[in-house]
Amino acid sequence: MSDALLRVEHLTMRFGGLVAVNALSFTANRGDITALIGPNGAGKTTVFNCITGFYKPTSGRMALCVGDTSAQDLATVTAGGNRFRRTANGSTVFLLERMPDFEIAAKAKVARTFQNIRLFAGMTVLENLIVAQHNALMHASGWTVAGLLGTRHYRDAEAAAIDTAKYWLDRIGLMERADDPAGEMPYGAQRRLEIARAMCTNPVMLCLDEPAAGLNPRESAELNALLRTIRREHATSILLIEHDMSVVMEISDHVVVLEYGIKISDGTPDFVRSDPKVVAAYLGVEDDEVEAAEAEVLK
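Quick caveat, the model's predicted, so the values are computed rather than measured.

Asks: Explain the sheet that holds strand β3 (residues 33-37) to me, using residue names and the numbers behind them.
Replies: With mixed pairing, the six strands of this open sheet are ordered in space as β7-β8-β9-β3-β10-β11. Looking at which strands have only one partner, the edges of the open sheet turn out to be β7 (110-112) and β11 (262-267). Ignoring which end each strand starts from, the neighbouring axes of this sheet average 15° apart. Pairing analysis gives three bridges linking β7 to strand β8 (residues 205-209), with the strands arranged parallel. The partner of Ala111 across the bridge, within β8, is Leu206. With respect to the sheet, helix α1 (residues 44-51) is in contact with β3, β7, β8, β9 (237-241) and β10 (254-259), its orientation differing from that of β9 by roughly 140°. Taken strand by strand, helix α9 (residues 217-234) contacts β3, β8 and β9, and its axis lies near 150° from that of β9.

Shown next as structure tokens:
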């Protein structure tokens, strides 16, 4: 289990009689960019909503294992009814299906973006990155008292938050527009700003819901470069939903394919690209054509 950061096992999500996700299992490894793809309505965003606590799954387990954990550690936390537990060697196992969304963000350090941009449009670009660090600032302020008094501890925390915000502004090429309203940024810049805001929380896993949606080729290339930087320099694993296959195939280490809430393929980009079931899901061919294509592959 040393390489596994997120282990999703038999995840099922029902809405009344509708089964949106059906017994889904997959692993996202540390340091990897894992893509979750599939046609519209395949259940991808539902999976994200379960992982980040917006939905409570009907059944299944979602274990985030931070540090060097073992199968025994995971079994102990599960059997003990805990939401999370630190192991003997200082690692931590989080069972996300048992945790509320604010704990998943604050304790498990899972951050996400959404299909629709959710910046604070009236705030400046810099303020959007500072407000993402409100948990640390509120703690440093003693829940407002130290902040009102302007204690040294709070001033240091505030300076650190500004430094972090400036670091990410530089990374996404928006330093010169730090004082401009976020809502006035070009669409591609807003996308990058939203990812930078999520990174200001110092996540161990970053969940991106269609980050390339609406981007032109130049903006997509900038996004790819940013995601590679995040993986390479910040030890942050990335889980993304994306319809732009040029993005998925270029930057992903691991691809999981869903259709109607069921996993139909799981592997490297090259493996998934050539899987007849994936081709069929995207092109809408009949079952007998899939069987014929699989027979050709096996020859």
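Asks: I'd like to hear about the sheet that holds strand β6 (residues 92-95), residue by residue, with values.
Replies: Pairing in this open sheet of five strands is antiparallel, and the strands run β2-β1-β4-β6-β5 from one edge to the other. Looking along the sheet, the strands with just one partner apiece sit at the ends: β2 (18-29) and β5 (84-86). Going from strand to strand, the sheet's axes swing by 15° on average, the running direction of each strand aside. Summarising the sheet, strand β4 (residues 59-66) and β6 pair through four bridges and their orientation is antiparallel. Paired with Ala63 across the two strands is Leu95, which belongs to β6. Strands β1 (4-15), β4, β5 and β6 of the sheet are contacted by helix α2 (residues 71-80), whose axis makes an angle of about 45° with β6.

Asks: I'd like to hear about the pairing of β2, residue by residue, with values.
Replies: As paired elements, β1 and β2 share eight bridges and run antiparallel to each other. When the sheet's bridge partners are listed, Met13 is paired in β2 with Val21. Turn length for the β1-β2 hairpin, with the two strands adjacent in sequence and antiparallel, is two residues, and the turn residue Gly16 shows positive phi of about 65°.

Asks: Can you tell me about the pairing of β4, naming the residues and giving the values?
Replies: Looking down a regular strand, the side chains alternate between one sheet face and the other. Judged from the five bridges that link them, β1 and β4 form a sheet pairing that is antiparallel. Bridging across to β4, Leu6 finds its partner in Leu64.

Asks: Break down the layout of surface pockets for me, with residues and values.
Replies: Roughly 940 Å³ of volume is contained in the largest pocket. Residue lining of the largest pocket: 31 residues in total, with Ala105, Ala132, His134, Asn135 and Thr201 positioned closest to the centre. Of all elements in the fold, only α3 (101-106), β7, α5 (134-140), α7 (152-171) and α8 (187-199) reach the threshold of two or more residues within the lining of the largest pocket. Residue composition of the lining of the largest pocket, by class: 17 nonpolar, eight polar and six charged.

Asks: Describe the packing of α8 against α9, with residues and values.
Replies: Across the interface, α8 lies against α9 with an axial gap of 10 Å and an inter-helix angle of 15°. Relative to α9, α8 is oriented roughly parallel. The two elements α8 and α9 meet at a crossing, and its hand is right-handed. Only Glu219, Glu222, Leu223, Leu226, Leu227, Ile230 and His234 of α9 make contact with α8, whose side of the interface consists of Gly188, Arg192, Ile195 and Met199. Taken together, the residues of the contact of α8 with α9 break down into six nonpolar, two polar and three charged.

What counts and how
Residues numbered from 1 in each chain as written. Predicted model: local features only at pLDDT ≥ 70, side-chain atom pairs only at ≥ 80, totals over all residues. Heavy atoms only, no water. Pairing = 2+ DSSP bridges. Helix = DSSP H or I, 4+ residues; strand = E, 2+ residues; numbered from the N terminus. Axes fitted to C-alpha atoms, helices over the stretch in contact; angles between N-to-C directions. Contact = heavy atoms within 4.5 Å. 1 Å grid on protein atoms, 1.4 Å probe; cavity = no way out; pocket = protein on both sides within 12 Å on 5 of 7 lines; lining within 4 Å. Points joined across faces, edges and corners; volume = space filled by probe spheres on them. Nonpolar A, V, L, I, M, F, W, Y, C, P; charged D, E, K, R; others polar. Parallel < 35°, antiparallel > 145°, perpendicular 65-115°, else oblique. Left-handed = near helix turned anticlockwise from the far one by under 90°.

This is a description of form; function is not addressed.
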